[in-house]
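Spelled out from the first residue to the last, the chains are:
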Amino acid sequence: MMWSKLKSLVEEKFSPSLDGRISINSTSYGNCSCGHAWLTLDKEVIANFCTRAFWNRASGDYYRKDNRWVTDSDVPEHVSEKQKLSYGEVEYGELSRQDAYEACWEFVHDLKVDEALDSKDPLIQSLATLDKRLGKRRLKEINTSNLHPLAKKLLSFRLEAEGIRAPTNT
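Residues numbered from 1 in each chain as written. Predicted model: local features only at pLDDT ≥ 70, side-chain atom pairs only at ≥ 80, totals over all residues. Heavy atoms only, no water.

### Examining helix H8 (residues 149-162)
As a reminder of what qualifies: A run of DSSP states H or I qualifies as a helix once it reaches four residues; a run of E qualifies as a strand once it reaches two. Both are numbered from the N-terminal end. How far a helix is expected to stretch is found by multiplying one less than its residue total by 1.5 Å. Contacts: residue pairs with any heavy atoms within 4.5 Å of one another.
An ideal rise of 1.5 Å per residue puts 20 Å on 14 residues; H8 measures up with 20 Å between its terminal C-alpha atoms. Taken together, the buried residues of H8 touch strand E1 (22-28), strand E2 (35-41), strand E3 (44-50), helix H6 (122-129) and helix H7 (136-141). Looking at the residues trailing H8, positive phi occurs at glycine 163, about 75 degrees.

### Side note on the environment of threonine 129
Worth spelling out the cut-off: N or O atoms closer than or at 3.5 Å make up a polar contact, with two conditions inside protein: a donor-capable atom paired with an acceptor-capable one, and, for residues adjacent in sequence, both atoms drawn from side chains.
In this structure, threonine 129 sits in helix H6. With residues up to four places along the chain from it excluded, the contact list for threonine 129 reads Leu117, Leu134, Leu139, Ala151, Leu154, Leu155 and Arg158. Looking at threonine 129, its side chain comes within polar contact range of the main-chain oxygen of serine 126, at 2.6 Å.

### Brief notes about the pattern of salt bridges
Rules: Each salt bridge in this description consists of a side-chain nitrogen of Lys or Arg and a carboxyl oxygen of Asp or Glu lying within 4 Å of one another. With a 1.4 Å probe rolled over the protein chains alone, any residue whose accessible area is under 20% of its type maximum counts as buried; one over 50% counts as exposed, and the rest are partly exposed.
For the structure shown, the criterion picks out five salt bridges. A salt bridge links arginine 21 to aspartate 42, with the nearest nitrogen and oxygen atoms 2.7 Å apart. Placement of the pair is arginine 21 in the loop between helix H1 (3-12) and E1 and aspartate 42 in the loop between E2 and E3, with a sequence separation of 21 residues. The exposure class of arginine 21 is partly exposed, given its relative accessible area of 30%. Residue arginine 138 is joined to aspartate 114 by a salt bridge in which the shortest nitrogen-to-oxygen separation is 2.8 Å. Of this pair, arginine 138 sits in helix H7 while aspartate 114 sits in helix H5 (residues 113-117), and the two are 24 residues apart along the sequence.

Spelled out as structure tokens, the structure:
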């Protein structure tokens, strides 16, 4: 499926209170699979899923975990503080562009909203917090203790957009 179609399917699931404020984007670099996907909130990048950062994150000690390539290494020392901050709520190299594609596909085609909220994937959780299938009552009941920091940030944004007070179970 073309990215533009997948993007529109994902964004169609967003709550009407978020129209035009949240966007998911992607770009590639030439003929290679490198590139990045990013999530914007009011046109400001809040998460960057860069394939090169993902593969350069450490010295190559990657392994498969939960069907994703991961490493236990920290952000490399050569990455400046400004670069670290530019990655928002997602750790530097935490997800690649391909991971973002897979998460979007799974979110649109395979998961119910409760399954998406319980996912171990930070992007799937985050997209679920924006899902219009979550009503105001259900939004208030979400247990934030198991949410990734990006999902928590987007849930907080969604609650504000809906005019709902934040839940107290953080």
